[in-house]
Amino acid sequence: MTSQSAAQWQEHVADKKKRQQASIPREWIISAVPEDQLNVLDVPRASGLLTERELEITETTEVAVLLKRLASAEWSAVEVATAFSKRAIIAHQVVNCLTEIFIDKALERAAELDAYLKEHGTTVGPLHGLPVSLKDQFPIKGLETTMGYAAWIGKVADDDAVLVKLLVRAGAVLFVRTNVPQTLMWGETNNNVFGRTLNPFNRRLTPGGSSGGESALISMHGSPLGVGSDIGGSIRVPAHFCGLYGFKPSSHRMPSYGIVNSLDGQESIATALGPLTTSLSGVTTFFQAILDLEPWRYCPATIPKPWSHEDFLLSKRGNGEKLCFGIMWDEGSVKPHSPIHRALNITKQALEAAGHKVIEWKSLRHAEYIAVARSFFLADGSEDYNSCLTTGEPLINSMNPNADPNDIPAFRIPRQPLTAYQLWQLNKERRALRKAHLDRWEATISETGTGRPIDGLICPVAPYAAVPHGQTRSSIYTVIWNTMDAPALVIPVTKVDPRVDVKPAREEFWSEEDRVVHDMYDPEIYKGVPVGVQLVGPTLQEEVILGVGTVVDAALKAYRT
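Residues numbered from 1 in each chain as written. Predicted model: local features only at pLDDT ≥ 70, side-chain atom pairs only at ≥ 80, totals over all residues. Heavy atoms only, no water.

Student: Hey, could you run me through the sheet that holds strand β12 (residues 488–495) in this one?
Tutor: Within a beta sheet, neighbouring strands are joined by backbone hydrogen bonds and run either parallel or antiparallel to one another. On the basis of which strands lie adjacent, the open sheet formed by eleven strands has the order β1-β3-β2-β6-β8-β7-β12-β13-β11-β9-β10 and mixed pairing. Two strands lie at the open edges of the sheet, namely β1 (98–101) and β10 (357–360), each paired on one side alone. Sheet twist, expressed as the average angle between the axes of neighbouring strands with direction ignored, equals 30 degrees. As defined by bridge partners, strand β7 (residues 245–248) adjoins strand β8 (residues 272–277) across two bridges and the pair is classed as antiparallel. Paired with G246 across the bridge in β8 is L276. (Pairing = 2+ DSSP bridges. Helix = DSSP H or I, 4+ residues; strand = E, 2+ residues; numbered from the N terminus. Axes fitted to C-alpha atoms, helices over the stretch in contact; angles between N-to-C directions.)

Structure follows, in structure tokens:
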């Protein structure tokens, strides 16, 4: 890279950041927060910028309650949009979570919604007035979408992505887009354009990735609901790291047409779109709202499968009474840290206390799931990444702030491109793995006592809670379900407590990765950060998993009180 080319992309980045800063209302700039203040969750309240009413609005975590108060005009769309916009800007100043900021457009939209409600006495749609943030993959007409690439600065969208159009039709107020890692294919969030996003629970830790801008923003209540994408854990890991609900549906339930993406055109393990939010009602409301607008009429890849309220109510599963769950304590090669095991155990005990049954699910062939997925992701020999680095911007090889930029981790080393025939063989291998998994799932009917297979599988989201910057490993606990194209819901359970989450002594390890992950754990470093669990179901049974998730969430809340 020549000094001239380096200067060129850096000048573009400097201009982009200057324009971003100009989009922030000056009166919403807060005093600098000391760098050694690690937990910044209370900064919005302590800043004095938000009124008591704005604090009440933004700290209403149940999306269903927000929507009810908007529909009744108890809260106007303008005041709700203003409150969340203020809080989003405050959050950005301490965790660096935003990319595009378009608050003026949001407030104009909110005013239109208020006028419509006043004139017609009814809402525009099920998301009427709800502020919704978007990962920086969803083009909005007239705005740039850089997706963390310097070369994409200045690329202005001439149309909205299909999901953006449907959100607007449902009544949502779009107001910001959020940060992503360069290439998207990371469990952390950092790029050469907007920089690194931090975890509000502890700014020395990562909020996850690639939807890390969303998780950081929402956990600070700067947005009640955001939309992310997931090809290997990019919704679920950030939700787990930041104490949120996150949902990865099967890959073709939500409309993906018009988004920008890494590995675009790789369809063997396709990207799934879904929400991150502060409540399970947010997940369910979002999913139903989009399906009720028949997205398959606008995106050719979307499966024409309407929302099934019958499935959500678990009418074929005893209406949610006496369900049977599988529980997978580990995937067989990397043992989770103590807080992860405790979260699983809490969930098991909560379900059993509520009258449900929990049976063991032993991991099987999961290493093959990972190997197949990784082969698909690396099949192009890095041609996709390189095609996006046309201005001299370097490829980020490590998320570690202190890493040698030339040190490439094993899972990022480019491979020789695969031939068409080799890809066909991979597809055959994945098909066989999916069939084996399905057969195994169905075989649990002999253990459940319900006359049907398990109603859901509970497992870790990752072997750890939020880790220090640069320390995320391969997303093995989430990638396996992308390979299976299984819907997966993340539910927050607890937080790391050094008094009980002690580090166990181990002399033997299942793998070198197991040893590395074990050595990472220090209870004091992880103190107070959230821990969630993952609830997995069969392909295309999203409504069932959301219904079962409602049972799990209720059991956990009852158990904790």
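After that view, the rundown keeps rolling.
Student: Where do I start with the packing of aromatic side chains in this structure?
Tutor: The relation between two aromatic rings is expressed through the spacing of the ring centres and the mutual angle of the planes. If you walk through the whole model with that rule in mind, you get eight aromatic pairs. With a centroid separation of 6.3 Å and 50 degrees between ring planes, the pair formed by F241 and Y464 is classed as tilted. Of this pair, F241 sits in helix α9 (residues 236–242) while Y464 sits in the loop between β11 (456–459) and α17 (476–483), placing them 223 residues apart in sequence. Summarising the burial analysis for this pair, F241 and Y464 share the class buried. On the numbers, 5.5 Å between centres and 45 degrees between planes, the contact of W307 with F312 is tilted. Through successive ring pairs, a cluster of aromatic residues spans F247, F287, W307 and F312. A cation over an aromatic ring shows up here: K155 above the ring of W152, its NZ or CZ 4.2 Å from the ring centre. Geometry around W510 places R506 over its ring, the cationic atom sitting 5.6 Å from the centre. (Phe/Tyr/Trp six-rings, centres within 6.5 Å; stacked < 30°, edge-to-face > 60°. Buried < 20%, exposed > 50% of the residue type's maximum accessible area, 1.4 Å probe, protein only. Lys NZ or Arg CZ within 6 Å of the ring centre and 35° of its normal.)

Student: Sorry if this is basic, but what is going on with the pairing of β8 here?
Tutor: Taken across its six residues, β8 has six buried, putting it largely inside the fold. One ladder, built from six bridges, connects strand β6 (residues 225–230) with β8; its direction is antiparallel. Each bridged residue has a counterpart across the sheet, and for V227 the counterpart in β8 is P275.

Student: Is there a simple way to explain the packing of helix α13 (residues 366–377) against helix α15 (residues 420–443) in this structure?
Tutor: Packed helices, taken two at a time, are described by their axes: the angle between them and the distance between them. Closest axis-to-axis distance for the α13/α15 pair is 10 Å, and the angle between their directions is 150 degrees. Comparing their axes, α15 and α13 come out roughly antiparallel. Remark: the crossing between α13 and α15 carries left-handed chirality. Packed against α13, whose contacting residues are E368, Y369, V372, S375 and F376, the element α15 presents L423, L426, N427, E429, R430, L433 and H437 at the interface. Partitioning the contact of α13 with α15 into residue classes produces six nonpolar, three polar and three charged. (Parallel < 35°, antiparallel > 145°, perpendicular 65-115°, else oblique. Left-handed = near helix turned anticlockwise from the far one by under 90°. Contact = heavy atoms within 4.5 Å. Nonpolar A, V, L, I, M, F, W, Y, C, P; charged D, E, K, R; others polar.)

Student: Got a minute to help me understand the packing of helix α12 (residues 338–353) against helix α19 (residues 542–560) in this structure?
Tutor: For the pair α12 and α19, the least separation of the axes is 8 Å and the interaxial angle reads 95 degrees. It follows that α12 is roughly perpendicular to α19 by the angle criterion. Between α12 and α19, the residues in contact are I346, T347, Q349, A350, L351 and A353 and V552, A555, L556 and Y559, respectively. Each residue belonging to the contact of α12 with α19 can be placed in one class, and the counts come to eight nonpolar, two polar and no charged.

Student: What's the story with the pattern of salt bridges in this structure? I'm lost.
Tutor: Side-chain pairing between opposite charges can occur once the charged atoms of the two side chains come close. Per the stated rule, a full pass over the model turns up 29 salt bridges. Across the pair D519 and R515 runs a salt bridge, and its minimum N-O distance is 2.8 Å. Here D519 and its partner R515 are both found in helix α18 (residues 512–520), four residues apart, which amounts to about one turn of the helix. Overlapping salt bridges bring together D15, K16, R19, E100 and E144 as one network. (Salt bridge = Lys/Arg side-chain N within 4 Å of Asp/Glu carboxyl O.)

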